[in-house]
Amino acid sequence: MDEIAESYLRAGDLEASGNLDEAIAEYKAGLALFSPTTADAATRKTYFLVKLRNLLWRLQRYEEARPVFEMSGEKMPRIPSDNQPFRKAIKTLQKEGLLADLSKKEMTRILQELDLELEDADDELEPIDFLQVYYDSSEPGLSARAITDGFLHHDWRYGQETSDVVAEICQIIGKPVLKQIEYSSVQRQDVVGETVMLSVEFEDGKRETFPVDGLEDILAFVNKTLEKLGDARRFVSLETNGDWFAYYLFDQPKWKKIIGSKSPALSSDGIPGIDEKRWQKR
C-alpha cells in the first residue's frame, strides 16, 4: 500500500470516529502527495476531493468547500439560507424601484448567459450573480442601470477595471462629494512593505489622505463622508461568495425591505465604516 492510499484510509478512519478537523487535515495532506508521476492520479485524486468537499459542506465551511468543488469539476450547490429564493428576491428588488429594465426578454437573456433555465433558478442561482450580469457594462465605466439603481461592483483588483473609482462612486451618489487626486505609497515602519494611500479632495477644496488596502476602505471613507454631509444613504456591502465586491447605495427604508428583513432578498457583509445599528435607528 502506497503513502497516498494510507493517507486516504487514515482520513476515513478519522472521519468515522468523529475527528472531523483531523480528517480534513489528512485529506488535504493526502492531496499534497500527488505528483505528475502518480499512478491513476486523476481517479485517485477525485476520491480525496469528493470526500473533502462533502465533509466541508456538511460542516458548513462553504468558503473552504467552494474551491474543492471546482477542483472536482462540479459547481457547489447553493448555500442554505433564510434568504428569499431567486424569483421572489427579484420581485422584492423591483417592488423597491430597482431593475426597471428587467423585461421577460432580458431575464431570459441573462439566464441563458448564466446557462440556466428560469425553473431552475430558485435552486441554483444566487440573486447577486444575476445582478452582476444585469448591471454589467459593455463599455468602460458604469452602466446607466448601475448609476440609476446605485449599484457598484468590481473585482478585488479594482484598479484593473477603473482608473477612478471615486468618480464612479460620485456618479452613483449624484454629486461630486469627492474628487480622486492620486494614489501614493508610504514605507511601513512595523513590517517590510508599503501602505497604499489615496488622496481625495472635498467639494470645499480641502484634501485628505487615507490608507487603502482595498475597495472596502474607500467605501468606508465615502460612507463617513455621507454621514458628515447629512446624507441618509449608505453604501451597503453585499455578499458575493467570490473574489469581487458589490454595493448598493440604500437609505434606511430600502435597506430594511431588501436586507434587514427576517427573509432578506440579498445577504449583506455590513455597512463599511459605519456603526450599522446606530444608522438603522436614525
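One can find the structure itself at the top, above this paragraph.
My aim in this report is to walk through the structure given alongside it, one point at a time. (Residues numbered from 1 in each chain as written. Predicted model: local features only at pLDDT ≥ 70, side-chain atom pairs only at ≥ 80, totals over all residues. Heavy atoms only, no water.)

1. Some details on the sheet that holds strand β2 (residues 178-187)
Okay, step 1: On the basis of which strands lie adjacent, the open sheet formed by three strands has the order β2-β3-β4 and antiparallel pairing. Each edge of the sheet is formed by a strand with only one pairing partner; in this case those strands are β2 and β4 (207-211). Averaged over all pairs of adjacent strands, the angle between their axes in this sheet comes to 25°, without regard to strand direction.
Okay, step 2: The sheet contacts of helix α10 (residues 165-173) involve β2 and β3 (194-202), and relative to β2 the element is tilted by about 145°.
Okay, step 3: Across the sheet, helix α11 (residues 215-228) lies against β2, β3 and β4, angled at about 140° from β4, the strand it touches most. (Pairing = 2+ DSSP bridges. Helix = DSSP H or I, 4+ residues; strand = E, 2+ residues; numbered from the N terminus. Axes fitted to C-alpha atoms, helices over the stretch in contact; angles between N-to-C directions. Contact = heavy atoms within 4.5 Å.)

2. Considering the sheet that holds strand β7 (residues 268-270)
Okay, step 1: Strands sit in the order β1-β6-β5-β7 across an open sheet of four strands; the sheet is antiparallel. Each edge of the sheet is formed by a strand with only one pairing partner; in this case those strands are β1 (151-155) and β7. Mean inter-strand twist for the sheet, computed between neighbouring axes without regard to direction, equals 35°.
Okay, step 2: Of the strand pairs in this sheet, β1 and strand β6 (residues 244-250) are connected by five bridges, and their pairing is antiparallel. Bridge assignment links Asp 155 to a residue of β6, and that residue is Trp 244.
Okay, step 3: With respect to the sheet, helix α8 (residues 127-134) is in contact with β1, β5 (234-238) and β6, its orientation differing from that of β6 by roughly 85°.
Okay, step 4: Against the sheet, α11 touches β1, β5 and β6, its axis set at about 150° to β5.

3. Side note on the packing of aromatic side chains
Okay, step 1: Following the criterion strictly, the structure yields 16 aromatic pairs and no others.
Okay, step 2: Ring geometry for Phe 86 and Phe 130: centres 5.1 Å apart, planes at 65°, overall edge-to-face. Residue Phe 86 is found in helix α5 (residues 86-95), and its partner Phe 130 is found in helix α8; the two are separated by 44 residues along the sequence. In this pair, the class of Phe 86 matches that of Phe 130, namely buried.
Okay, step 3: An aromatic cluster is defined as three or more aromatic residues linked by ring pairs; in this entry it consists of Tyr 8, Tyr 27, Phe 34, Tyr 47 and Phe 48.
Okay, step 4: The lysine or arginine in question, Arg 145, covers the ring of Tyr 134, its NZ or CZ lying 4.3 Å from the ring centre. (Phe/Tyr/Trp six-rings, centres within 6.5 Å; stacked < 30°, edge-to-face > 60°. Buried < 20%, exposed > 50% of the residue type's maximum accessible area, 1.4 Å probe, protein only. Lys NZ or Arg CZ within 6 Å of the ring centre and 35° of its normal.)

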